[in-house]
Number of protein chains: 2
Amino acid sequence: MADFLTSQDEDFAKWYTEIVLKADLADYSPVRGSMVIKPYGYTLWERIRDELDRRFKATGHVNAYFPLLIPMSFLEKESNHVEGFSPELAVVTHGGGSKLEEPLIVRPTSETIIGHMYAKWIQSYRDLPVLINQWANVVRWEMRTRLFLRTTEFLWQEGHTAHATEQEAVDETLQMLDVYTDFAVKEAAIPVIPGRKSETEKFAGAVGSYTIEGMMKDGKALQAGTSHFLGQNFARAFDIQYLDENNEQQHVWTTSWGVSTRMVGAVVMTHGDDQGLVLPPRLAPIQVVIVPIWRKDKERESVLQVAEQILQRLKPLVRVELDRREGYSPGWKFNDWEMRGVPVRIELGPRDVANNNVMAARRDVPGRDGKTLLPMGELETLIPALLEEVQAAIYQKAVDFRDSHLHDVTTYDELKEVVETGFARAWWAGSREDEAQVKEDTRATLRCIPIDQPGGSGTCVYTGKPATEIAIFGKAY
Amino acid sequence: MADFLTSQDEDFAKWYTEIVLKADLADYSPVRGSMVIKPYGYTLWERIRDELDRRFKATGHVNAYFPLLIPMSFLEKESNHVEGFSPELAVVTHGGGSKLEEPLIVRPTSETIIGHMYAKWIQSYRDLPVLINQWANVVRWEMRTRLFLRTTEFLWQEGHTAHATEQEAVDETLQMLDVYTDFAVKEAAIPVIPGRKSETEKFAGAVGSYTIEGMMKDGKALQAGTSHFLGQNFARAFDIQYLDENNEQQHVWTTSWGVSTRMVGAVVMTHGDDQGLVLPPRLAPIQVVIVPIWRKDKERESVLQVAEQILQRLKPLVRVELDRREGYSPGWKFNDWEMRGVPVRIELGPRDVANNNVMAARRDVPGRDGKTLLPMGELETLIPALLEEVQAAIYQKAVDFRDSHLHDVTTYDELKEVVETGFARAWWAGSREDEAQVKEDTRATLRCIPIDQPGGSGTCVYTGKPATEIAIFGKAY
């Protein structure tokens, strides 16, 4: 265990904050609830962004950019939307030295301003669908903030699409849920559960909200992405109409979907351990670090020379760095890179140089078990293969953890017990009020009604009524 | 001439606004002075961003992200800085339903918040240099706005670096000026003039400001990027100190440098013509468009089939699209893609299919002169080569235009005349007051003192005093 780090068992929340700060992912800022994303954390976010963006483009979406400042009156056009967001607004009242006639809000999300523009752009069925995504910052005045998980300002992408038919919009909503699931599983190695939000938990202004829920290492749930079917709510509020093929005016059907810098927190809390971060190779800013080792000065030159050769050979294939720092022992460097979660460390000493091999150490497997001697000549094939192996292994580890902390329950007492350490899965037919009562009793919430349902029917864990769906309950971030 | 477009000669400003709107680069928003960057314009910006970002990383910089909202008191710590920016601020006075104790400003630029963080992060000479860049939105309350050129909110990158010595910081300032020049010349095909800003025109809080100045097709100047040597001004204001190798506290030396969405406007106004946009191939969202042509329905299938094959062959090599739109004539499509500035159009008709060739039409050379028959089998080599040719040609065209509108002048009368249509280059030894008088007389400003100086000395065009430097004067955006 890294002695400067609180252990996860001792205090998971403290561990989280410490590792985010110590691994240079982020820092507190002087602005209440806002954080600074430091270069290492931002590079991780760039990797997340690039992998999501690639998937958005592959599914026909394009990026655009809409104004940060939104007239207050826009928010008021959709009643549920304004009700949901008004407690969280930052308001600009002065501009250029004068008081504004109408206050502007700093966007908490962009349905309203985008809805206004779509009303202008969409005239005919030929203009549909509109498939736009925006990468942007948003501000929500949060009372309790946590680095990456809940900050007053955060970075995200928000997709906003408009369609001719309800079915198309529903399909888009579910397609983007699939895209998020695929990203989470393949890149972030997080075995998320995709599902529908309950009426209580859905987005302000949505007809239906979908989510991907991850389980963190303390057994708590983290909502890592959402996709909303907005029906015609915003189309009516902003009068987004098109002339259909029969020359009749119709309102469009819209969706919105988003993933934020919160995903960085999800990666940290899904894979990290008492030594620090464990980053999935596909997202890691640095996938491989080479640590040269020498005791005598005369060994230094030959070791560094070979290390430099390895660096140049691997550079076109993986994100690799050579730790040239002077004045630090190899052991100190090992700990440092472990703390930063670099998936593979290459140790290179005089004996390795003499024997024409290197020692590769896996971050995800501690100690000797994670070390393998690799022949120098085959690094170009063995190192990328090792990274794939690590990626698969940490995913499997997360699946195993999740599965061993997710239990089917049939009684309310069981549910109460299970949510203390993980997720409870149960038949559910409760009302809004029932859901609120469960929250009050247990502090756990209905995380989602999974897409993947067993079928058939059962007895609601809370009301005892006949139920046709199962739901997942858990305490959440 | 595109009949829907005002000609450049008739009214250049009107031409500019029309083409930005019609080519779907941007749209007006309901928020005063803010614009919406539409997908086609945003993709152009993404290309600019990627090419700049690649250069930043190649010169050792990393990205990070700092808060949007900055305490008002921060701005007041550097007196010139607050004086320069306070008329342009948007101020957040309320958050989460309550009045804030201290108002927050929406960042107009980030020297202050970043300075505050650097003071925390930098302790020792080992922490230096700090080479950070940020991609972000900023807000400056502008009175007169123009799409891309001057908007209340814009997107940009702002580099902020801290160094142990003055020389290092000066070197960094000039290195980034070089990076911007290299980008402008090689990617945007804009022959910018790199130079130093006069005392009057320098950045609020800088010791020295550098700029790249482009000449637009109306002979006016556009500042397309700036790099500032900030001396120790911000280091003192925010107390950014480090312990040097002799164990003494020293203030760091800082720089900042930025390029914004304004660059999109520069591309439009450097290369565009009366038919619309002319985009440099390296930045064009679509480099090649394939327009299939048929008269009879039976021709349709075979033409589309071959067009599809060409699309698949070119896709790995260039950014290419196939125009499958129904109900539009080939002529209409030609005009449409010309208006959007796509560098190369491939026309494919039944005769081309039969003869196993395609007609390639260059956007930058109008009419028959720009058309070449290309053998079908060699498109993989000929099309990328043609794009390179177009890139070089539009750069040369811009150089020729600039050179024919840039004149050395020796008298004030000549200067007055030349700045009506272009740039005047003259020996200069004037004061702030002299510069202000020139501006009042001519509406032209001292754009820059070029890095590239003739050497020797001459007579100041305005004061008649001995001068050792030449300066460029022009009317500016």
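Just so we're clear, the structure is a prediction, and the values are computed from it rather than from any experiment. (Residues numbered from 1 in each chain as written. Chains lettered and ligands numbered in written order. Predicted model: local features only at pLDDT ≥ 70, side-chain atom pairs only at ≥ 80, totals over all residues.)

Colleague: I keep staring at the packing of helix 9 (residues 297-314) of chain A against helix 12 (residues 379-404) of chain A and nothing clicks. Help me out?
Modeller: A pair of packed helices is characterised by two quantities: the angle between their axes and the separation of those axes. All names here are of chain A. Their axes nearest at 10 Å, the elements helix 9 and helix 12 cross at an angle of 70 degrees. Overall, the two elements helix 9 and helix 12 adopt an arrangement that is roughly perpendicular. In this structure, helix 9 meets helix 12 at a crossing whose hand is right-handed. Facing Ile-310, Arg-313 and Leu-314 of helix 9, the residues of helix 12 in contact are Leu-379, Glu-380 and Ile-383. (Axes fitted to C-alpha atoms, helices over the stretch in contact; angles between N-to-C directions. Helix = DSSP H or I, 4+ residues; strand = E, 2+ residues; numbered from the N terminus. Parallel < 35°, antiparallel > 145°, perpendicular 65-115°, else oblique. Left-handed = near helix turned anticlockwise from the far one by under 90°. Contact = placed C-beta atoms within 7 Å.)

Colleague: Looking at this structure, I do not really get the relation of the copies chain A and chain B. What am I missing?
Modeller: A rotation about some axis, followed by a shift along it, carries one copy of the chain onto the other. Rotating chain A by 180 degrees and translating it 0.0 Å along the rotation axis places it on chain B, where the RMSD comes to 0.0 Å. The symmetry that links the two subunits is that of a two-fold axis. For chain A, the residue whose C-alpha comes nearest the rotation axis is Val-92 of chain A, separated from it by 2.1 Å. Most of the interface of chain A is mirrored in chain B, where 100% of its interface residues are also at the interface. (Least-squares fit on C-alpha atoms with pLDDT ≥ 70 in both.)

Colleague: Would you mind showing me how to read the interface of chain A and chain B here?
Modeller: Where the parts come together, the accessible area they lose is often given as the size of the interface. Contacts between chain A and chain B engage 42 residues on the former and 42 residues on the latter. Here the side of chain A that touches chain B takes 6 residues from strand 5 (residues 90-95) of chain A, the largest share from any one element. Of the residues in the side of chain A that touches chain B, the class split is 26 nonpolar, 11 polar and 5 charged. The pairing of strand 5 of chain A with strand 5 (residues 90-95) of chain B spans 5 bridges and is antiparallel. Residue Gly-95 of chain A lies in a different strand from strand 5 of chain B, and its bridge partner there is Ala-90 of chain B. (Nonpolar A, V, L, I, M, F, W, Y, C, P; charged D, E, K, R; others polar. Pairing = 2+ DSSP bridges.)

Colleague: Please clarify how the sheet that holds strand 20 (residues 406-408) of chain A should be interpreted in this entry.
Modeller: Within a sheet, each strand pairs with its neighbour through backbone hydrogen bonds, oriented either parallel or antiparallel. Residue and element names in this part refer to chain A. With mixed pairing, the 11 strands of this open sheet are ordered in space as 3-7-8-14-11-10-9-22-25-21-20. Among the strands making up the open sheet, the edge pair consists of strand 3 (62-63) and strand 20. Sheet topology note: the strand 10 (residues 208-215)/strand 11 (residues 221-229) ladder contains 8 bridges and is antiparallel. The residue of strand 11 that forms the bridge with Glu-213 is Gln-223. Sheet contacts for helix 8 (residues 262-271): strand 8 (153-163), strand 10, strand 11 and strand 14 (253-260); angle to strand 11, the most-contacted strand, approximately 145 degrees.

Colleague: Explain the packing of helix 2 (residues 39-58) of chain A against helix 6 (residues 166-186) of chain A to me, please; I cannot follow it from the model alone.
Modeller: Residue and element names in this part refer to chain A. Relative to each other, helix 2 and helix 6 sit at 145 degrees, their axes nearing to 10 Å. In terms of crossing hand, the pair formed by helix 2 and helix 6 is right-handed. Along the contact surface, helix 2 presents Glu-51, Leu-52 and Arg-55, while helix 6 presents Val-179, Asp-182 and Phe-183. Each residue belonging to the contact of helix 2 with helix 6 can be placed in one class, and the counts come to 3 nonpolar, no polar and 3 charged.

Colleague: I would appreciate a short explanation of unusual backbone geometry in the present structure.
Modeller: Negative phi values dominate among residues other than glycine, just as trans dominates among peptide bonds. Geometrically, the link from Leu-128 of chain A to Pro-129 of chain A is a cis peptide bond, its omega value of -10 degrees lying close to zero. Note that Pro-129 of chain A resides in the loop between helix 5 (111-121) and strand 7 (130-139). Within the chain, Ala-189 of chain B stands out as a residue other than glycine whose phi angle is a positive 55 degrees. Along the chain, Ala-189 of chain B falls in the loop between helix 6 (166-186) and strand 9 (193-196). A positive phi angle, close to 65 degrees, is found at Arg-443 of chain B, a residue other than glycine. With respect to the helices and strands, the residue Arg-443 of chain B is situated in the loop between helix 14 (432-442) and strand 22 (445-450).

Colleague: Just checking my understanding: could you explain helix 12 (residues 379-404) of chain B for this structure?
Modeller: What sets the pattern is the α-helix's 3.6 residues per turn: residues three or four places apart point alike. Relative to the 38 Å expected for 26 residues at 1.5 Å per residue, helix 12 of chain B spans 36 Å between its end C-alpha atoms, a close match to the ideal helical length. Among all positions in helix 12 of chain B, only Leu-379, Ile-383, Leu-386, Leu-387, Val-390, Gln-391, Ile-394, Ala-398 and Arg-402 of chain B are buried. (Expected span 1.5 Å × (residues − 1). Buried ≥ 20, exposed ≤ 12 C-beta atoms within 10 Å, placed from the backbone.)

Colleague: Mind showing me how you'd approach the environment of Leu-177 of chain B here?
Modeller: All names here are of chain B. Among the structural elements, Leu-177 can be located in helix 6. Residue class for Leu-177 comes out buried when judged on the 24 C-beta atoms lying within 10 Å of it. Along the sequence, Leu-177 and Gly-225 sit 48 residues apart, while their C-alpha atoms lie 8.0 Å from each other. In contact with Leu-177, not counting residues within four places along its chain, are Pro-194, Tyr-210, Ile-212 and Ser-227.

Colleague: Got a minute to help me understand the sheet that holds strand 9 of chain B in this structure?
Modeller: Residues and elements named next belong to chain B. As summarised here, the arrangement of the 11 strands in space is 3-7-8-14-11-10-9-22-25-21-20, forming an open sheet in which the pairing is mixed. Every other strand in the sheet has two partners, leaving strand 3 (62-63) and strand 20 (406-408) as the edge strands with one partner each. With 2 bridges connecting them, strand 3 and strand 7 (residues 130-139) associate as parallel partners. Its bridge partner being in strand 7, Val-62 is matched across the sheet by Ile-132.

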